[in-house]
Amino acid sequence: MYAHNRFRISHVLVFSGIAAATAATAQTVSVDPEDRLPAIVVTGSALPRASVETPSPVVVIDSLDIERSGLTTVSDVVRSVTADNSGTIPTAFTNGLAPGASGVALRGLTVNSTLVLIDGRRVASNAQSDDGQRSFVDLNTIPLSAVDRIEVLKDGASSLYGADAIAGVVNVILKHDLTGANASAEIGNSQHGGGFEKRFDAAFGAGNLQTDRYNAYVATEYQGDNRILVSQRGFPFNTPDLVSIGGNNGLPGQPGLFSGSTYGSVTPGTLTTPGDLTSGVPIDGALSQPLRPCGPDSTTVNDPENTRGGGAGSYCTQNLALRTDVQPAQERLGIYSRFTFKLSDTGEAYLNAGYYQNRVVADAGPTQIQNGVPNNTNDLALPPTLPGGALTPNNPFSAQGEYALINYAFGDIASYSDYINHVVRAVGGMRGMFGDWNYDTAVVVNHTWLDTTLAGLIDYPQLISDITNGTYNFIDPSKNSAQVRAALSPTLRKTSTSDMDSIDLRVNRPLTDLQGGALGLALGAEVRHEAQDDPDINPNFISQGLPPAHTLGSRTVTAIYGEIDAPILSSFEVDASARYDHYTNFGGAFDPKIGFKWSPIESAALRGTFSRGFRTPSFAESGSSAVEGFTTYTIEDPNFIAAHHNDGYTAPYALGQSIIANPDLRPERSSSATFGGVLQPTGWLNASLDYYAIKKTGVIVQSDPNAALSDYFAGNALPPGYVIITDAPDPLYPDAPRRPLAVQAPYINANSLRTDGIDLDLRAAFPIGDAHFISDLTATKIFSWSMHFPDGTTQQYAGNNGPYILSSGAGTPRYRANWANTLSIGNWETTATIYYTSGMYLSAPDITSGCFSINFTTGNNFPGNCRTPSFTYVDLTGRYRVTQQVEVFGGIDNVFDRKPPFDPLDYVGLNYNPTYAQAGIIGRFFNLGVRVKF
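Parameters and conventions
- Every chain is numbered independently, its residues counted from 1 as its sequence is written.
- Residue-level local features of this predicted model are given only where pLDDT is at least 70; pairs of side-chain atoms are given and counted only at 80 or more, and the full residue set underlies all totals for whole chains, interfaces and linings.
- Hydrogens and water are ignored here; the side-chain numbers use all heavy atoms of the structure.
- Under the scheme used here, helices are H or I runs from DSSP no shorter than 4 residues and strands are E runs no shorter than 2 residues, and both carry numbers assigned from the N terminus.
- Just to be clear, the radius of gyration here is over C-alpha atoms, and the globule rule we use is 2.2 Å times residues to the power 0.38.
- We call a residue buried when its accessible area falls under 20% of the maximum for its residue type, exposed when it is over 50%, and partly exposed in between, using a 1.4 Å probe and counting protein chains only.
- Every residue pair with non-hydrogen atoms within 4.5 Å of one another is taken to be in contact.
- The nonpolar core is taken to be a set of buried Ala, Val, Leu, Ile, Met, Phe, Trp, Tyr and Cys residues, with the residues joined through side-chain atoms within 4.5 Å.
- In short, DSSP must find at least two bridges between two strands for them to pair.
- Polar contact is defined as a pair of N or O atoms within 3.5 Å, subject to the rule that within protein one atom must be able to donate a hydrogen and the other to accept it, and that residues adjacent in sequence are counted only when both atoms are side-chain atoms.

S.K.: What exactly am I supposed to notice about the overall build of the protein here?
M.R.: Counting its regular elements, the protein contains nine helices and 46 strands. For 934 residues, the compact-globule estimate of 2.2 N^0.38 gives 30 Å, and the protein sits close to it at 29 Å. A burial count over the protein gives 60% of its 934 residues as buried. Restricting to contacts in the protein with at least 6 residues of sequence separation, those with at least 24 account for 71%.

S.K.: What should I look at first to understand the nonpolar core in this one?
M.R.: Val 74, Val 147, Ile 150, Val 170, Val 172 and Trp 785 are the most contacted members of the largest nonpolar core, which has 48 residues in total. Residues in contact with Val 170, not counting those within four places in the same chain, are Val 78, Val 104, Leu 106, Thr 114, Leu 115, Val 116, Leu 117, Ile 150, Glu 151 and Val 152. Counting 22 residues, the second-largest nonpolar core is a separate cluster that includes Leu 291, Tyr 408, Phe 410 and Tyr 472.

S.K.: Explain the sheet that holds strand 3 (residues 58–62) to me, please; I cannot follow it from the model alone.
M.R.: Within a sheet, each strand pairs with its neighbour through backbone hydrogen bonds, oriented either parallel or antiparallel. Strand order in the open sheet formed by five strands is 3-6-7-4-5, and the pairing between neighbours is mixed. Pairing within the sheet leaves two strands with one partner each, and these edge strands are strand 3 and strand 5 (121–122). Direction of pairing for strand 3 relative to strand 6 (residues 147–153): antiparallel, over a ladder of five bridges. Directly across from Asp 62, in strand 6, lies its bridge partner Arg 149.

S.K.: How should helix 9 (residues 914–922) be read in this particular structure?
M.R.: Residues three or four positions apart in an α-helix share a direction because the helix packs 3.6 residues into each turn. With eight of its nine residues buried, helix 9 lies for the most part within the structure. Capping the start of helix 9, Asn 913 holds a side-chain oxygen 3.0 Å from the backbone nitrogen of Thr 915, two or three residues further along. Residue Gly 923 follows helix 9 closely and has a positive phi angle near 80°.

S.K.: Can you walk me through the pairing of strand 42 (residues 848–851) in this structure?
M.R.: When a strand is regular, its side chains alternate between the sheet's two faces. As paired elements, strand 41 (residues 843–844) and strand 42 share two bridges and run antiparallel to each other. Across the sheet, Ala 844 pairs through a bridge with Thr 848, a residue of strand 42. Hairpin connection, strand 41 to strand 42: the antiparallel pair is bridged by three residues.

S.K.: Help me understand the environment of Ser 69, please; the structure alone is not making it clear to me.
M.R.: Following the sequence through the fold, Ser 69 ends up in helix 1 (residues 63–69). Separated by 807 residues in sequence, Ser 69 and Leu 876 place their C-alpha atoms 8.2 Å apart. Side-chain polar atoms of Ser 69 contact the backbone nitrogen of Leu 71, separated by 3.2 Å.

S.K.: What is the right way to read unusual backbone geometry from this model?
M.R.: In terms of backbone geometry, most residues other than glycine have negative phi values and most peptide bonds are trans. In this structure, the amide linkage connecting Phe 235 to the following residue, Pro 236, adopts the cis form with an omega of 5°. Within the secondary structure, Pro 236 is located in the loop between strand 11 (228–229) and strand 12 (265–271). One non-glycine residue with positive phi stands out, namely His 645, at about 55°. Topologically, His 645 is positioned in the loop between helix 7 (638–643) and strand 31 (653–660). Phi is positive for Cys 866, close to 50°, though the residue is something other than glycine. Checked against the element boundaries, Cys 866 lands in the loop between strand 42 and strand 43 (867–868).

S.K.: For this particular structure, what's the right way to read the side chain of Lys 593?
M.R.: If you trace the backbone, Lys 593 turns up in strand 28 (residues 587–601). Here Lys 593 falls in the buried class, since its relative accessible area comes to 10%. Among the polar contacts made by the side chain of Lys 593, one reaches the side chain of Asp 155 at a distance of 3.0 Å. Leave out the neighbours within four places in its chain, and Lys 593 touches Ser 56, Asp 155, Gly 156, Ser 159, Asp 575, Ala 576, Ser 577, Thr 609, Phe 610 and Ser 611.

What follows is the structure, given as structure tokens:
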């Protein structure tokens, strides 16, 4: 009975005597089901076994499946697995603390609970952590051209692989050997503009392991994807002004909302603190006015009564989002090589090495002069006179001796981010047989460095100097020299690194014969060194808009593990494994696992597992680190709102959450269980249904900011360990309580979480006359995803936008499903794949109760049903074999040009969810290519 999934499994993984030694890599050859060899290994076991159906559910995606899907990156392939959910990271998320990277989060447990391997061995984490906390492997740095298959274990596996394998394991298996040469070239473009794609890959190999006793090959690939601008997409995905559909107007330029246009506006004012230009307050009854006439790309607003909630007076609103990306520009380049030498009939030595580079460049809108981090300039004022006594030219109220509160966006200063991630990885090893033992040993050296360049941010001391001395021309920015701009906005650069070096030994052998087969034993030992150095790009808190974020740490890990597989009967198998890890920075962890498979009849089997797991604190959580993140916060305290008369000071704003490392943290612990069945009633149909349940305790989180915020608004003393930094006073009501600007607290082991659900896999493959049809359906439903707090309260995230902070507002959809259908006729083959993600209730229990999406003026839900609808789209691919050596292929992504569901809560995309609906914002996309084999 074959394992099966949404991708067709057309090959059985067969090991020769040499390959039987390893738990992670295998040759892929086509065999008749009746002639299957006993040396079959899949991820989640360290033993060769007689069937690819193990007690744990495993998805296998081979290179043919990837070609049929039309997906062109490892990231796209892995993140299309329906078990990937809340906390997954798309490349489009360029505003986070791990920008340009992509990560997988099986079971919705965020990226730090899914272990990613290459050829069964660990990979260095991304040099920057997600949200400055969660370590993960950047899928964008794994070469697709060298991939033989990808195995996704949807079960806990710390008993074999150690830390982080709580939700499951993604094992990317690269080609073992290659002879001959092949190359492919492909181009693609979006129907709606932007996103032009060009891709090329080639591989060349020589040597036959059996006759020449060696094989060497090299594979290389390049892919470039152009950016897609917000301006190239339609309403409501190209503007923050949603008034026409009952929403809010978030256009920059509104003085009361602390934002400016490139034309700027000023309001007559004074200083509450003499000499402090950041303490401006408007004069009673003062009205704002534009610094210069509004241009054709803006709208003039005249509102002396402040009926729109943006500010009293006149100003220019402007859609600065049009200058940003919905898809950043991305360029991927890599080379991978492998040399294998046959030592004997049962042994081989190998060396593989590769370099991969992923570059992501994202455009940003003009930087605002008003900012809350790390220096608050929301109440910045231009002085009436310069140091020499002359009137300030930028202040139209200078003659009256009045200060000018300024709102402004620096349209003359380019703003963008550029991230280049480099990964070097080399593996040398041997495997074979020694007596009755199969062995596999390897040394891994893996180093990454991430070059970060940020442009367009404002230097705070220089800003104050330019305002004091009148150096920067706000009224006519075209007169600013390049030197003035460069001094005001210096380009920032840093290089972050990570390392993962290891040596291991794995052995296995049959011990004795049982009724169902050989009793197998596997043993292993590993030593590895891990390190991360992510310096602060803004160490002196000079640049505006950059919170502090740095990480430094290293540790050594030693581990031993073992596995026993007992086919007690031909119909009943028991598998048990356990592993002990010791970390130099926190101690040891022991994790067992047991599973069974029972086949009462040949066409059906029941299977189940129970396991313990752990996730060790990352360097960001327990090393030398600090990070400050931001979330949109709404003040709900009625007394506070009344004290400020419900003005703009009480509107939703960015609340900083400062977190510092805690060396006393304990590992997160987990218990996992799966139970399901596999059914193959006929030769052309098979199915599986598996239930999973995971409980994680000691979840590492920031000390709950809501506890401190509640006490702050109530006027009580803060809980121990908390610090609240307050904002500048409300200029309109300076004696009213100040709003919290940031909450500081260390990481702690506090919460627990529980999640459970089911995975369904159906596969049918049968002939239709001279044609052949294959249909694969996979679906995942989350029954529950809940966070439990020390005070006994619980928050449920399944089906809504929570956990809001951990998922970047993308939420936790209850259902994800894929249905792929392939029809082959002669030299033609076509595949249609339907992707489905369920809708969500627009709430975020970790932020506020009830509907989180409202109209700030009316208080009504927005939209009225407070829901974002489901998203379904179809990809169509096809290929035609011109000759035995030449194949033409192409496809249409998002065939029906489905737009993404409207989602005003996701703070990564503009009114849409890029985590699950990026295909919708790209729109209908055409591609065409050719593949040649020599």
